[in-house]
Amino acid sequence: TRTVVVACVAPGPSFASETLSTLKFADRAKKVMARIRANEMVDDKTLLKRAKAQIKRLQRQVAYLKAKLDGQGGGAGAREVDLAVSWKSSTMRGTFRGDEPVKASMATDSLVREMKGENLQLRLENKKLKAKLKAAMKRAKKSRRGDEAVGL
């Protein structure tokens, strides 16, 4: 659609201030951009759905900010991170575009998942090293016993 503004001006010197005012208004009016959008019929179900979505988004944001605060305060415990991640994964089925805290939260979630994987690998490596250490200590004990039996 187009909007037309007709500015009526008078050539006489007695109408100069009014003409100038009209021309300034017309100049401002042509810079106005109309944004057309359809009227939306909103029923109670739609409002409830939107409210629930906003509540979920705000809960994710709160969880993200709590995790961020825990991280600054000396690190969150593994149990707290596990709880936050399991809660987020259960509530975070959809992503709301343009929601920066959610994007940051998703980045944090992927970082937590990556760290969990690394943690698991380190635990397995630690378990193997403990087993090797235990075996080496047994060999050392047997060696000392053998040395004591010989009288060294």
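Treat the numbers as computed from the prediction; the structure is a model and nothing was measured. (Residues numbered from 1 in each chain as written. Predicted model: local features only at pLDDT ≥ 70, side-chain atom pairs only at ≥ 80, totals over all residues. Heavy atoms only, no water.)

1. Some details on the overall build of the protein chain
- The number of helices and strands found in the protein chain is four helices and zero strands.
- Listed N to C, the secondary structure of the protein chain is α-α-α-α in terms of helices and strands.
- The buried share of the protein chain, taken over its 152 residues, is 9%.
- Put simply, 60% of the contacts in the protein chain that link residues at least 6 apart link residues at least 24 apart.
- For the protein chain, the accessible area works out to roughly 13600 Å², and carbon and sulfur atoms hold 58% of it. (Helix = DSSP H or I, 4+ residues; strand = E, 2+ residues; numbered from the N terminus. Buried < 20%, exposed > 50% of the residue type's maximum accessible area, 1.4 Å probe, protein only. Contact = heavy atoms within 4.5 Å. Areas by Shrake-Rupley, 256 points an atom, 1.4 Å probe, with all protein chains shown as cover.)

2. Re the confidence of the model for the protein chain
- In the predicted model, the protein chain carries a mean pLDDT of 77, and 72% of its residues have values of at least 70.
- When mean pLDDT is compared element by element in the protein chain, helix 1 (residues 16-30) scores highest at 91, while helix 3 (residues 78-91) scores lowest at 50.
- Counted against residues more than four places away or in other chains, residues 90-99, with its pLDDT under 50, gives 14 contacts. (pLDDT = per-residue confidence, 0-100.)

3. Concerning the pattern of salt bridges
- Across all of its chains, the model carries two salt bridges by this definition.
- Residue K30 pairs with D27 through a salt bridge whose shortest N-O separation is 3.8 Å. Here K30 pairs with D27, and both are found in helix 1, just three residues apart, close to one helical turn.
- The class for D27 is partly exposed, based on a relative accessible area of 34%.
- For the salt bridge of K31 with D27, the shortest nitrogen-to-oxygen distance reads 3.7 Å.
- Note on K31: relative accessible area 60%, which makes it exposed.
- Here the residues in one salt-bridge network are D27, K30 and K31, joined through shared partners. (Salt bridge = Lys/Arg side-chain N within 4 Å of Asp/Glu carboxyl O.)

4. Comments concerning a positive patch on the surface
- Taken together, the side chains of K134, K138, K141, K142, R144 and R145 present a region of like positive charge at the surface.
- Within the element layout of this structure, K142 appears in helix 4 (residues 100-150).
- By relative accessible area, K142 is classed as exposed at 62%. (Patch = residues over 30% accessible without salt bridge, like charges linked within 9 Å, V, L, I, M, F, W, Y side chains within 5 Å. Lys, Arg positive; Asp, Glu negative; His and termini not counted. Charge placed at Lys NZ, Arg CZ, Asp CG, Glu CD.)

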